[in-house]
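Spelled out from the first residue to the last, the chains are:
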Amino acid sequence: MPTDERTAKGAARCTEHPTSASVATCDGCGRSLCLACAIPVRGLVYGGECLPDDVAGHAPSAIPAPPPDPAGRWTGIGLGIALIATFLPWTRFGRGSGGFGAWNATWAGCATVAFLIGALVWAVRRFRPGRMSGVLDLALVGFAGLGLAATIMALLRPPTFARPWIGLWIAIAGGAVALAGAISILIRDGRAARVPRRPRLG
């Protein structure tokens, strides 16, 4: 495969380890490989499953575990906390004071929808990683930020004669955690996409 074609795919993710940037493409099957998966053999690069027969016995027998993803984990936790908070009272009395307090008010309802969509984006990114990871990262930041902003607006503009209460404060905390984690993911993946690909040997 020409060098310029490999460079064009610099933002690809490893097939086995989606949180790791691709540094090479397997010359046997064409899948993306991270640094841990790429095995140089006589000027070519292979994954462990595609090694030529004469060198297969010398390859590592196990694929290293993917690196931990604390930013992704905290983003999911923050979104989960924010969603749970929407089932609690958001005001001490009046509109939004009962169960599902965030579901029957304007700003609180916007926050609920944003957190729900953000959680769906997080789940897709977590369990169905692929080449759209950059788009999903941006969407995650967008919906987490929108949910937090709407929650803050619900705090600043509560329903008439109502006072903010427990659910709203928990949602703000969860939204802040989710937004911080989503921004960390975006920065991390952006840096990983700019890592120069390892040149072909030989």
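First, a word on what this report is: a plain description of the structure on this page. Model, not experiment: these values are computed from the prediction.

1. Quick look at helix α5 (residues 133-156)
- Between its first and last C-alpha atoms α5 spans 34 Å; for 24 residues at 1.5 Å apiece the expected length is 34 Å, and the two agree.
- Along α5, the positions that sit buried rather than exposed are Ser 133, Leu 136, Asp 137, Leu 140, Val 141, Ala 144, Gly 147, Leu 148, Ala 150, Thr 151 and Ala 154.

2. Section: unusual backbone geometry
- For Arg 42, which is not glycine, the phi dihedral falls at a positive 50°.
- Secondary-structure assignment places Arg 42 in the loop between β3 (39-41) and β4 (44-46).
- A residue is classified by how much of its surface remains accessible, and Arg 42, at 62% relative accessible area, is exposed.

3. Structural notes on the nonpolar core
- Formed by 27 residues in total, the largest nonpolar core has its most connected members in Trp 90, Ala 108, Phe 115 and Leu 140.
- Beyond its immediate stretch of four places on either side in the chain, Leu 140 contacts Thr 75, Leu 79, Gly 118, Val 121, Trp 122, Arg 125, Ala 182 and Ile 185.
- The next biggest cluster of nonpolar side chains, apart from the first, holds 13 residues, and it includes Cys 26, Cys 37, Ala 38 and Val 41.

4. Describing the side chain of Ser 22
- Along the chain, the position of Ser 22 falls in the loop between α1 (3-8) and β1 (24-25).
- In this structure the side chain of Ser 22 is engaged in a polar contact, spanning 3.2 Å, whose partner is the backbone oxygen of Ala 24.
- Looking at Ser 22, its side chain comes within polar contact range of the main-chain oxygen of Leu 33, at 3.4 Å.

5. Observations concerning a nonpolar patch on the surface
- Together, Trp 74, Ile 77, Ile 81 and Val 177 line one region of the surface with nonpolar side chains, adding up to about 340 Å² of accessible area.
- In terms of residue count, helix α3 (residues 70-85) provides more of the nonpolar patch than any other element does, three residues in total.

6. Regarding the packing of aromatic side chains
- Taken as a whole and assessed by the stated rule, the structure comprises four aromatic pairs.
- Ring centres of Phe 87 and Trp 103 lie 6.1 Å apart, and the angle between their planes is 40°; on these two criteria the pair is classed as tilted. Linking Phe 87 in the loop between α3 and α4 (106-127) with Trp 103 in the loop between α3 and α4, this pair joins segments that are 16 residues apart in sequence.

7. A word on the pattern of salt bridges
- Scanning all chains against the criterion turns up seven salt bridges.
- Residue Asp 69 pairs with Arg 125 through a salt bridge whose shortest N-O separation is 4.0 Å. In this pair, Asp 69 is assigned in the loop between α2 (53-56) and α3 and Arg 125 in helix α4, connecting sequence segments 56 residues apart.
- Of the residues examined, Asp 69 reaches a relative accessible area of 15% and is grouped as buried.
- Relative accessible area serves as the criterion here: at 11%, Arg 125 is assigned to the buried category.
- Among the salt bridges present, the one from Arg 125 reaches Asp 189, with a minimum N-O distance of 3.1 Å. A residue pair is termed long-range when its members are at least 10 positions apart, and Arg 125 in helix α4 and Asp 189 in helix α6 (residues 166-193) qualify at 64 residues.

Rules and cut-offs
- For every chain, the first residue of the written sequence is number 1, and numbering continues from 1 onward in sequence order.
- For this predicted model, a pLDDT threshold of at least 70 governs which residues receive local features, and a threshold of 80 or more governs which side-chain atom pairs are given and counted, while totals over whole chains, interfaces and linings are taken from all residues.
- With hydrogens and water set aside, each side-chain value is computed from the structure's full complement of heavy atoms.
- Each helix corresponds to a stretch of at least 4 residues labelled H or I by DSSP, and each strand to a stretch of at least 2 residues labelled E; elements are numbered beginning at the N terminus.
- One fewer than the residue count of a helix, multiplied by 1.5 Å, yields its expected span.
- Each residue is assigned to one of three classes by its accessible area relative to the maximum for its type, calculated with a 1.4 Å probe on protein chains only: buried under 20%, partly exposed between the two thresholds, exposed over 50%.
- As used in this record, nonpolar core signifies buried Ala, Val, Leu, Ile, Met, Phe, Trp, Tyr and Cys residues forming a set joined through side-chain atoms within 4.5 Å.
- The criterion used for residue contact is that any of the two residues' heavy atoms lie within 4.5 Å.
- The term polar contact refers here to a pair of N or O atoms within 3.5 Å; inside protein, the definition further demands a hydrogen-donor-capable atom paired with an acceptor-capable atom, and it admits residues adjacent in sequence only when both atoms are side-chain atoms.
- Only residues whose relative accessible area exceeds 30% and that form no salt bridge enter a patch; like-charged residues are grouped when within 9 Å of one another, and nonpolar side chains (Val, Leu, Ile, Met, Phe, Trp, Tyr) when within 5 Å.
- Using a 1.4 Å probe, accessible areas were evaluated by the Shrake-Rupley method; residue-level cover was limited to the displayed protein chains.
- Every case where a carboxyl oxygen of Asp or Glu lies within 4 Å of a side-chain nitrogen of Lys or Arg is listed as a salt bridge.
- Only rings of Phe, Tyr and Trp enter the pairing, Trp through its six-membered ring, and a pair is recorded when the two centres are within 6.5 Å. The plane angle decides the type: under 30 degrees is stacked, over 60 is edge-to-face, the rest tilted.

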